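# Structure at a glance
Here are the chains, one letter per residue:
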Amino acid sequence: MQVSGPVKRIGFVDCDLNNFHADVFLKAIRGPLASRGISVAGATAVQQEQSKLWAQEHDLAYYTSVEALNDAVDAYMILAPSNPEVHFELCRQVFPMGKPTYVDKPFSSDLLTAHRIFGLADKYQVSIQTTSALRYTEVQRVVLESPEPVKHMVAWAGGDTFEEYGIHPVELVISCMGPDALAAHSVGDEQHPVIIIVFTEGRTAVIDFNIGTHVDYAATVTTATGTQYIPVGLDTLFIDTASAILDFLETGQPTIARQESLMVREILDVIADPASRSGYIQLEPNSI
């Protein structure tokens, strides 16, 4: 799937534009990434009135529909980071426009819907990509530079709910260890779930998640020669994420394998299943 022309103008599509991701991505594109010559040219949202106010406050053109926005943009960013339940409907409106589209985290509210979104993209021959910001950290840089594969890792994280923020450590793990996860199991109590993931070739990962508590993101990465503790810096996290999004939108070539995004969603589904507290649940390989 190729971009038909140069991407210079992005359109935000959201549930309610008054959210953290709309703020940080707009600031990153207008600020540290301005030299790339790409702008956010307009926006539209489901919740119109408050979104219009947000757009006015941020000096951004507001459109009442995707159809009205389309002539003003070359690519789309579907946000709604706290409302994955609306992502399929927003994708249904955006994909027929035939332009590369980034879909924010969580990609969907369940694995079936994730497959439906990818299928819809294929129907309209649209390039899409999704990710959590925790894919672009010091942890991935250490793993990329390591001459040895990762045998085991532990990721620490926190957030108001696992449903919304659990994607971050799961994305961190899958981006470092790949999509070949075999089974997952959750132990601990509801406020402090500890997730164990088993991968092929005897590799393992543990996610220590703390609900309702601020915990700095960090990970340990273990290879055959030792273990390294790596804190995740937040200063440039969303700038690095926005830069990677622009890389994708400019080329129209996804840099993240679908199998990884689907495995992230499958693990989240499995951990939401109470049965995961009773033992390991097998994970199915995703191909699409």
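Here, every reference points to the structure presented above.
Residues numbered from 1 in each chain as written. Predicted model: local features only at pLDDT ≥ 70, side-chain atom pairs only at ≥ 80, totals over all residues. Heavy atoms only, no water.

## Examining the packing of aromatic side chains
Under the defined criterion, the tally for this structure stands at 6 aromatic pairs. With centroids separated by 6.4 Å and ring planes inclined at 85 degrees, the aromatic side chains of Phe 25 and Tyr 102 adopt a geometry described as edge-to-face. Here Phe 25, found in helix 1 (residues 20-30), pairs with Tyr 102, found in strand 4 (residues 101-103); they are 77 residues apart in sequence, far enough to count as distant. Considered together, Phe 25 and Tyr 102 belong to a single accessibility category, that of buried residues. Each residue in the set Phe 20, Phe 25, Tyr 102 and Phe 238 is aromatic and connected to the rest through ring pairs, giving one cluster. For Lys 105, the ring lying beneath its charged end belongs to Tyr 165, and the centroid distance is 5.2 Å. (Phe/Tyr/Trp six-rings, centres within 6.5 Å; stacked < 30°, edge-to-face > 60°. Helix = DSSP H or I, 4+ residues; strand = E, 2+ residues; numbered from the N terminus. Buried < 20%, exposed > 50% of the residue type's maximum accessible area, 1.4 Å probe, protein only. Lys NZ or Arg CZ within 6 Å of the ring centre and 35° of its normal.)

## Thoughts on the sheet that holds strand 3 (residues 75-78)
Read across the open sheet, the 5 strands follow the order 2-1-3-4-5; overall the sheet is parallel. Each edge of the open sheet carries a strand with a single partner, namely strand 2 (39-45) and strand 5 (128-130). With direction set aside, neighbouring strand axes in the sheet form an average angle of 20 degrees. The sheet contact formed by strand 4 and strand 5 spans 3 bridges and is parallel. When the sheet's bridge partners are listed, Tyr 102 is paired in strand 5 with Gln 129. (Pairing = 2+ DSSP bridges. Axes fitted to C-alpha atoms, helices over the stretch in contact; angles between N-to-C directions.)

## Re the nonpolar core
With 68 residues, the main nonpolar core has Phe 12, Met 77, Met 153 and Ile 197 as its most contacted residues. In this structure Phe 12 touches Leu 17, Ala 22, Phe 25, Leu 26, Val 40, Gly 42, Ala 43, Thr 44, Leu 69, Met 77 and Leu 79, once residues within four positions along its chain are discounted. Ranked by size, the runner-up nonpolar core spans 26 residues in total, among them Cys 91, Val 103, Phe 107 and Leu 111. (Core = buried A, V, L, I, M, F, W, Y, C linked by side-chain atoms within 4.5 Å. Contact = heavy atoms within 4.5 Å.)

## What to know about the pairing of strand 11 (residues 226-231)
Judged from the 6 bridges that link them, strand 10 (residues 218-223) and strand 11 form a sheet pairing that is antiparallel. Bridging from a neighbouring strand, Ala 218 pairs with Pro 231 of strand 11. Connecting the antiparallel pair strand 10 and strand 11 is a turn made up of 2 residues.

## Digging into the pattern of salt bridges
Inspection of every chain in the model, using the stated rule, returns 10 salt bridges. The closest approach of N and O atoms between Arg 36 and Asp 247, which form a salt bridge, is 2.7 Å. Of this pair, Arg 36 sits in the loop between helix 1 and strand 2 while Asp 247 sits in helix 9 (residues 237-251), and the two are 211 residues apart along the sequence. Take Arg 36: its relative accessible area is 22%, and that puts it in the partly exposed class. Look at Asp 247 and you get partly exposed, because its relative accessible area is 37%. (Salt bridge = Lys/Arg side-chain N within 4 Å of Asp/Glu carboxyl O.)

## Observations regarding helix 5 (residues 111-123)
Counted at 1.5 Å a residue, the expected span for helix 5 with its 13 residues is 18 Å, and the 18 Å between its end C-alpha atoms agrees. Buried within helix 5 are the following residues: Leu 111, Thr 113, Ala 114, Ile 117, Phe 118, Leu 120 and Ala 121. Looking at the buried residues of helix 5, the elements they touch are helix 4 (87-94), strand 5 and helix 10 (258-272). For helix 5, the capping residue at the N-terminal end is Asp 110, with a side-chain oxygen 3.2 Å from the backbone nitrogen of Leu 112. Once helix 5 finishes, Gln 125 follows within two positions and takes phi at roughly 55 degrees, a positive value. (Expected span 1.5 Å × (residues − 1). Polar contact = N/O pair within 3.5 Å; in protein donor to acceptor, adjacent residues only side chain to side chain.)

## Describing the environment of Leu 283
Here Leu 283 lies in the segment after strand 12 (281-282). Looking at Leu 283, the relative accessible area reads 3%, which means it is buried. A sequence separation of 48 residues divides Leu 283 from Asp 235, and the C-alpha atoms of the two residues are 35 Å apart. Beyond its immediate sequence surroundings of up to four residues, Leu 283 is in contact with Ala 181, Leu 182, Ala 183, Ala 184, Met 263, Glu 266, Ile 267 and Val 270.

## Quick word on the side chain of Lys 99
With respect to the helices, strands and loops of the structure, Lys 99 is situated in the loop between helix 4 and strand 4. One polar contact links the side chain of Lys 99 to the main-chain carbonyl oxygen of Asn 70, over a distance of 2.8 Å. A polar side-chain atom of Lys 99 sits 2.7 Å from the main-chain carbonyl oxygen of Val 73. For Lys 99, the residues in contact, after removing those within four places along its chain, are Asn 70, Val 73, Asp 74, Ala 75, Tyr 76, Val 126 and Ser 127.

## A word on the sheet that holds strand 7 (residues 181-187)
For sheets, the rule is that strands pair by backbone hydrogen bonds, running either parallel or antiparallel. With mixed pairing, 7 strands are arranged side by side in an open sheet as 11-10-6-9-8-7-12. The open sheet has two edge strands, strand 11 and strand 12, and neither has a second partner. Relative to strand 12, strand 7 runs antiparallel, the two sharing 2 bridges. The partner of Ala 183 across the bridge, within strand 12, is Gln 282. Its contacts with the sheet place helix 8 (residues 167-177) against strand 6 (152-159), strand 8 (194-199), strand 9 (204-211) and strand 10, and it is angled at close to 160 degrees to strand 6. Here helix 10 sits on the sheet in contact with strand 7, strand 8 and strand 12, set at roughly 35 degrees to strand 7.

Purely geometric stuff here, so don't read any function into it on its own.
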